[in-house]
Amino acid sequence: MRLSMADAWCELFGRDLLDGSSREIEALTRAGVSVRSRTGEEGPGLLLFDEPSEGLYEYVRDVSRLGSTRLLAIARTTTALAPDVGWRLLQAGASDLLVWPRLDDPARAVALRLERWESVDQLMAAPVVRDNLVGQGPVWLSLLRQIVEVAAFTEASILVTGESGTGKELVARLVHTLDRRAHKRDLIILDCTTVVPELAGSEFFGHERGAFTGAISARDGAFALAASGTLFLDEVGELPPRLQGQLLRVVQERTYKRVGGNTWNRTEFRLVCATNKDLAREVEAGAFRGDFYHRIANWSCRLPPLRERREDILLLAGHFIREFQGGDDPPELSDEVRDYLVTRDYPGNVRDLRQCIARIMSRHVGPGPITPGDVPPEERPHHGAGRDAWRSASFEGCIRLAMGMGIGLKEIGRIAEDTAVGIAIAEHAGNLQRAASSLGVTDRALQLRRALRREHDRERNGHER
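Novice: Residues and numbers for helix H6 (residues 138–153), please.
Specialist: It helps to recall that an α-helix has 3.6 residues per turn; residues three or four apart then point in one direction. The terminal C-alpha atoms of H6, which comprises 16 residues, lie 22 Å apart, in line with the 22 Å expected from a rise of 1.5 Å per residue. What H6 keeps buried is the set Pro-138, Trp-140, Leu-141, Leu-143, Leu-144, Arg-145, Ile-147, Val-148, Val-150, Ala-151 and Ala-152. Those residues of H6 hidden inside the fold are in contact with helix H4 (106–124), helix H5 (127–130), strand S6 (158–161), helix H7 (168–178), strand S13 (270–275) and strand S14 (299–302).

Here it is as C-alpha cells:
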C-alpha cells in the first residue's frame, strides 16, 4: 500500500551520501517517501548508520539541533545496537530509532512516522498552539510536540505536573481544543482546592432534590457536566485520600450515582489533571492513592520551570509586550532590559514574567524602545549582579556530575562549546550569521568550526571502524 508522499533528507553516517541505487532509498521511494540530500535546510531527517560511535552521538546533537529538528536514527544491521545505544541516541536529540532488518516493512514504518510528525508539526504551527504556549527552545519544543500528539491522536487521560505558573491550565485547554472526538462538548474546570469536603459529593456527582438540607432542586455535578467533553481537575494532589477512593469508580468505569439517588448514571469524558506536587513520591509516602494515581496518569508530562528554559524568556516577553501594547508595532527591548529579563529570577514562572512585563509596560511611554527606566525601581538589579547570574547552581551541578564521572576539563569545555553552538543555531532557526552574532564570533569562524568538527568526527569514526 502506497502512503501519501512524505519528505525527508537522508544521510548515511560516515560515508558518502546515499544514491538512488541504495536498497533503503529504493524501498523508501516505493513507500511514498521523497528522499533528498541534506543541505542545511530544516525539516525531518533520516540518519542511517552501521555502527555506533561517539562521533555518531555528536553528529546527532549537531543535526538535530539538540532535538529541535526531527531525526529518525536507523540502524542498518542488527549488530549495530548495544543495550544503551538507543537511549544515548535519543538523549543526543534523535526523535526515534528503528532497526531496519528487524522490521517486516521498514520503509512503511519510516513513512508512517514521517507522516505523523508532519501532522503534529502542522498542528504546532496553528495559532491555537503558537499563540498560547509560546517557546522555541529544544526542551519546550520536544515537550509541546508530545502534548500535541497525545491530545490529537489519543484519548488518554493526562496528568500535567509542574510548578505554579508554568502553564498547566493552558495545556488542559489545548488538549481539549485538539481532541478530535466527534460531537465533543465542553471543557469543565474544577479547582480541587475550592472543594469543601462536606459538599464534595455534590460537586463531583451532583445531587437529587432533598438529598440534604438546602438541596431544593436536583443538580448536575462535574462528571455529568463533562459528559462527551473534557474534565480538568486542577490541583488534583489536594484531594483527600477518602475522596480519591470515591472518584476511583467514576474514573475507572465512568459510572456514578447522584447524592441521594439510587440510579447508576453513565458518563464519558476525557480527564486532564494538574498538580504542583510530585504525585509519584506522594504515592510512595502514602499521601496519595496509588490506584487513583495510575488511573489519572495514562500519560503524564512535567512542565519545566522558566529557569530551565531561559532561551524562551525573550520570546515570551515579546509575546506579552504585544499583548499589553495592543498594536502591530511593539517596542523593542534595550540591551540592558534584555539582560535584566534573561537573568532575573521568576519564582512564579511564566505568570511571573507576564506580570513583570505588565508592570514595565505600565511605565513605558512613546514609540521608542523599552529602557531601564521602565523597570520599576523596586525590581531593578543590583549593580554588577546581572551578568553573572547565568552561572547558576544547575550549571555548576552539571560540571560536578561530569567531573564525578571522570570527564576531563578538555571534554567539558568542548561539550559546553558544542552545546552553546547548538542552542544558538536552534534559537535562530539555522541562520548561522545570527547564531554567530549571538555567540560573539564571526559567521565564518562558526562555519569553520562546524566543518572542522565534522571532519574530526569522520576521522574518528573511520578509526573506530
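Now that the structure is up, let's keep going.
Novice: Go over the sheet that holds strand S2 (residues 33–36), please, and point to the residues and values.
Specialist: Taken together, the 5 strands give an open sheet; going across it, the order is S2-S1-S3-S4-S5, and neighbouring strands pair in parallel fashion. The open sheet has two edge strands, S2 and strand S5 (96–99), and neither has a second partner. Averaged over all pairs of adjacent strands, the angle between strand axes in this sheet comes to 30 degrees, irrespective of strand direction. Those strands touched by helix H1 (residues 23–30) are strand S1 (6–12), S2 and strand S3 (45–49), and its axis lies near 140 degrees from that of S2.

Novice: Describe the packing of aromatic side chains, naming the residues involved and giving the relevant values.
Specialist: All told, the structure shown has 6 aromatic pairs when counted by the stated rule. Centre to centre, the rings of Phe-13 and Tyr-59 are 5.6 Å apart; their planes meet at 40 degrees, and the pair counts as tilted. Pair noted here: Phe-13 is in the loop between S1 and H1 and Tyr-59 is in helix H2 (residues 54–63), with a separation of 46 residues, a long-range link. Here Phe-13 matches Tyr-59 in class, with each residue buried. Ring geometry for Phe-204 and Phe-223: centres 5.8 Å apart, planes at 35 degrees, overall tilted.

Novice: Can you break down the side chain of Glu-11 residue by residue, with the values?
Specialist: Checked against the element boundaries, Glu-11 lands in strand S1. One buried charge, Glu-11, has no salt-bridge partner; the nearest side chain with opposite charge is Arg-38, at 4.0 Å.

Novice: Account for helix H18 (residues 432–439), naming residues and giving values.
Specialist: What H18 keeps buried is the set Leu-432, Ala-435 and Ala-436. Down the axis of H18, the smallest arc covering the buried residues is 100 degrees, so these residues share one side. Residues of H18 that are exposed and angled more than 90 degrees away from the buried face: Gln-433, Arg-434 and Ser-437.

Novice: An account of unusual backbone geometry is requested, with residue identities and associated values reported.
Specialist: With a phi close to 60 degrees, His-183 is a non-glycine residue in the positive phi region. Relative to the helices and strands, His-183 resides in the loop between H7 and strand S7 (187–191). Judged by its relative accessible area of 75%, His-183 is exposed. A positive phi angle, close to 60 degrees, is found at Arg-254, a residue other than glycine. Relative to the elements of secondary structure, Arg-254 occurs in the loop between helix H10 (241–253) and strand S11 (255–256).

Conventions and cut-offs
Residue positions are given per chain, counting from 1 as you read along its sequence in written order. At least 70 in pLDDT is required for a residue's local features to be given in this predicted model, at least 80 for side-chain atom pairs to be given and counted, and no such filter applies to totals for whole chains, interfaces and linings, which use all residues. For the side-chain quantities, the full set of heavy atoms in the structure was used; hydrogens and water were omitted. In this text, helices come from DSSP runs of H or I with a minimum length of four residues, and strands from runs of E with a minimum of two, each type numbered from the N-terminal end. Take the residue count of a helix, subtract one, and multiply by 1.5 Å to get its expected span. Relative accessibility under 20% of the residue-type maximum defines a buried residue, over 50% an exposed one, and the middle range a partly exposed one, all with a 1.4 Å probe and only protein chains included. Should any heavy atoms of two residues lie within 4.5 Å, those residues are considered in contact. The pairing criterion is simple: DSSP has to find at least two bridges between the two strands. Helix axes use the C-alpha atoms of the stretch in contact, all axes being lines fitted to C-alpha atoms, and the angles between their N-to-C directions lie in the range 0 to 180 degrees. Only centres within 6.5 Å qualify two rings of Phe, Tyr or Trp (six-membered ring in Trp) as a pair; their planes then separate them into stacked at under 30 degrees, edge-to-face at over 60, and tilted for everything else. Charge assignment: positive for Lys and Arg, negative for Asp and Glu; neither His nor the chain ends contribute. Think of a salt bridge as a Lys or Arg side-chain nitrogen and an Asp or Glu carboxyl oxygen that are within 4 Å of each other. What the arc describes is the spread of directions from the helix axis to the C-beta atoms.

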